[in-house]
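Survey of secondary and tertiary structure
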Amino acid sequence: MPVDLLFTNASVYNVFLKEWFVEDVAVHHGKIFYTGDASSASIQGNTAIDCGRKPLIPGLIDIHLHIESSLCTPIEFAHAVLAHGVTTVVAEPHEIANVSGLAGIEEFIRLSRDAAIDIFYGIPSSVPSTRPELESTGGMITQKDITLLLERYPEVVCLGEVMDFHGLINGTAERIRHNIEYIQRNHPLTAIEGHCPNIVGRDLSTVLYHGVDSDHCLQLVESMKDRFKQGMFVEIQEKSVQPDIIAYLSEYDRDGLYCFVTDDVPPDILCDKGHLDHVVRSAMGLGLPLERAIIASSYAPARRMGFRDRGSVSPGKIADLLLLADKAEGFQIERIFKNGQEYHGKTKPAMTTCFDSTFTSTLNVPQNWLSKDLFTVQAPGNSTHVRCRTMHKNPTSTYTEESITKLLVQDGIVRWQDEEVNLVHVLNRYSGRGEYACGFVSGEIFRQGAVCTSYAHDCHNLLTAGDNEGDMLMALHWVIDHQGGICAVSQGRIIASLPLRIGGILSEAPMEQLSDSVKRLQTAMKELGYRHPNPLMSFSTLTLPVSPALKITDKGLIDVNVGQSVSLFL
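Residues numbered from 1 in each chain as written. Predicted model: local features only at pLDDT ≥ 70, side-chain atom pairs only at ≥ 80, totals over all residues. Heavy atoms only, no water.

**Here's the deal with the overall build of the protein chain**
- The helix and strand tally for the protein chain stands at 15 helices and 28 strands.
- Overall, the C-alpha framework of the protein chain stretches about 90 × 50 × 45 Å when taken along its three principal axes.
- Burial analysis of the protein chain (570 residues in total) assigns 62% to the buried set.
- Restricting the contact set of the protein chain to residue pairs at least 6 apart, pairs at least 24 apart contribute 69%.
- When the accessible surface of the protein chain is split by element, carbon and sulfur atoms take 48% of a total near 21200 Å².
- Across the protein chain, the centroid of the 48 positively charged side chains sits 1 Å from that of the 69 negatively charged ones. (Helix = DSSP H or I, 4+ residues; strand = E, 2+ residues; numbered from the N terminus. Buried < 20%, exposed > 50% of the residue type's maximum accessible area, 1.4 Å probe, protein only. Contact = heavy atoms within 4.5 Å. Areas by Shrake-Rupley, 256 points an atom, 1.4 Å probe, with all protein chains shown as cover. Lys, Arg positive; Asp, Glu negative; His and termini not counted. Charge placed at Lys NZ, Arg CZ, Asp CG, Glu CD.)

So this is what it looks like as structure tokens:
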């Protein structure tokens, strides 16, 4: 029998028996037809590839990511990650949903149909990430929207991360709870994804009780073991790839209870280090056997999402395949096959669709409202000093801690400019009414400059921080003038910038160009004093009210640990 493509002499890891076999793999019409001895089965390939006993493994499957974090369109994203062996993703478009609601999700799905990889979607369950009284967004996803997406689009495969975990625990997340109950009642096979930072014990059990049974947040060994014990699937991203985590996963057979994901990968990291392949490579570099890495990057995520047509090298599965150089920890991918066709990566498919023009004018902030007065903080009472809650940023993660800063007051105005803090300003970009809030951040922060961004998780209001009003105002003006973007200013001069005209969060530029722009911004932020391995991610999550511990939105400071707003002043 002739087939389209025949891999011979391939080392195949059978994920069912957990054994290696040297065999042939026959591909026909984009699917795997046969594995074994092709000659004894009378199978001949129209094209044959001798693998030389090198590993032939399934294409990588990433079930938790946000395309918007790469600041690009779905088409550009797909081309970029396929070059790193990623053939299937489940994207949760809650960034564009926070900007444009249901229309944003549908636009992403429409654009993804021309992509080089298979892009499935999770319905953003948490838009806004908490509650309208804690943050303002441009869209909200309702139960009606969830019903429409599940019924209209076969690409929709799960309910995306439930972010208001505190609301589930303390009983305030009525909207989220009703959405989960609707899914359980009407779509019982649909996965419900979670966001459960730092919770264990009874709190974790409560989240599981409500139907949320996965977590992709930062893990410690004990918290991960607690999740395994209680039946929660763990999605391990790069920040959780630590020596003790990998030592535990290497020593104990926990295959199928976890997988690798990326969550957020900016353009510079994608171009320089890779995507899910980089996470796998990092884990193997810490000692994880290739066999477990294969399961955690293909079979386990496929099972989690209910994909029966991929995730193993076996008959009937889609022929998404990677040929590795060897079994070494370097995880070097030599050749990539999508649907049985080799990907060469030299030519990018033409973009046949583009974003509707409504997505290029999403900032509703009149320029005549902008002045240095936006950055004036009125002090309460008649004291000469005030004690302020301050976000102290973590030097390595996106978390903050609450600290207390004593600031001078002159003529009723807080004199923050001469202190070891930056003013943080969040302006509502949607209402056209100019609502905003001010707070302070400490740590290794901006000196002699400011940065403004319209990419600010998850609400994507206008976030500006700096040590002086002039630079802050210039950066804010630039972002509004360009209908979105990121701008760094120092001493009255723009030193780095990146326009993001699609929803204020995306660019249609090629990935390599985006990478260069982001590198310049990261460098500029570090030169201004903002020290962090990923300054843009650290900065843009100051507005994320589900990421511990003290954050800020256009509504004011949010104590994430209790899920409530708190006063700036003590």
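And the narrative resumes.
**What about the UniProt feature "domain: Amidohydrolase-related" (unreviewed entry) in the protein chain?**
- Residues annotated by UniProt as "domain: Amidohydrolase-related" (unreviewed entry) correspond here to residues 56-131.
- Taken end to end, residues 56-131 is 36% helix and 28% strand, and its first and last C-alpha atoms sit 47 Å apart. (UniProt positions renumbered as here; feature names shortened; annotations may be inferred.)

**Quick word on the packing of aromatic side chains**
- Within this structure, the stated rule accounts for 12 aromatic pairs.
- Between the aromatic rings of Phe120 and Phe307, the centroid separation amounts to 4.7 Å while the plane-to-plane angle is 35°, which identifies the pairing as tilted. Here Phe307 lies in the loop between helix 12 (290-305) and strand 14 (321-324) and Phe120 lies in strand 8 (residues 118-123), a separation of 187 residues in the sequence. The two residues Phe120 and Phe307 agree in class, both being buried.
- On the basis of an interplanar angle of 70° and a centroid distance of 5.8 Å, the ring pair of Phe355 and Phe359 is categorised as edge-to-face.
- The exposure class of Phe355 is buried, given its relative accessible area of 7%.
- Members of the aromatic cluster, joined through ring pairs, are Phe108, Phe355 and Phe359.
- In this arrangement the basic side chain of Arg310 is found over the ring face of Phe307, its NZ or CZ atom lying 5.4 Å from the centre.
- Its end group placed over the ring of Trp20, Lys327 keeps NZ or CZ at 3.9 Å from the ring centre. (Phe/Tyr/Trp six-rings, centres within 6.5 Å; stacked < 30°, edge-to-face > 60°. Lys NZ or Arg CZ within 6 Å of the ring centre and 35° of its normal.)

**A few points about the sheet that holds strand 5 (residues 56-58)**
- Read from one edge of the open sheet, four strands run 5-14-15-16, paired in antiparallel fashion. In the strand order of this sheet, the two ends are held by strand 5 and strand 16 (341-343), each with one partner. Direction aside, neighbouring strands of the sheet carry axes that sit 30° apart on average.
- Pairing between strand 15 (residues 333-338) and strand 16: three bridges, direction antiparallel. Its bridge partner lying in strand 16, Phe337 is registered against Glu342. (Pairing = 2+ DSSP bridges. Axes fitted to C-alpha atoms, helices over the stretch in contact; angles between N-to-C directions.)

**Considerations on the packing of helix 3 (residues 102-112) against helix 4 (residues 143-152)**
- Two elements in contact, helix 3 and helix 4, have axes whose closest approach is 11 Å; the angle formed by their N-to-C orientations is 15°. As the angle between them shows, helix 3 and helix 4 are arranged roughly parallel. Relative to helix 4, the crossing made by helix 3 is right-handed. Where helix 3 abuts helix 4, its residues Leu102, Ile105, Glu106 and Ile109 lie against Asp145, Leu148, Leu149 and Arg152.
- In terms of residue class, the contact of helix 3 with helix 4 is built from five nonpolar, no polar and three charged. (Parallel < 35°, antiparallel > 145°, perpendicular 65-115°, else oblique. Left-handed = near helix turned anticlockwise from the far one by under 90°. Nonpolar A, V, L, I, M, F, W, Y, C, P; charged D, E, K, R; others polar.)

**Thoughts on empty space enclosed by the protein**
- In total, this model carries four cavities of 30 Å³ or more according to the counting rule given.
- Of the pockets and cavities examined, the largest cavity occupies roughly 120 Å³.
- What lines the largest cavity is Ser69, Leu71, Pro266, Pro267, Thr453, Tyr455, Ile486, Gln522, Asn534, Leu536, Met537 and Ser540.
- It is helix 15 (residues 535-540) that contributes the most residues to the lining of the largest cavity, three residues altogether. (1 Å grid on protein atoms, 1.4 Å probe; cavity = no way out; pocket = protein on both sides within 12 Å on 5 of 7 lines; lining within 4 Å. Points joined across faces, edges and corners; volume = space filled by probe spheres on them.)

**What about the pairing of strand 1 (residues 2-14)?**
- Two elements, strand 1 and strand 4 (residues 44-50), share six bridges in a ladder whose sense is parallel. Counterpart to Leu5 in the pairing with strand 4 is Thr47.
- Sheet analysis places strand 1 next to strand 2 (residues 19-28), joined by eight bridges and oriented antiparallel. Counted as the bridge partner of Ala10 is Glu23 from strand 2.

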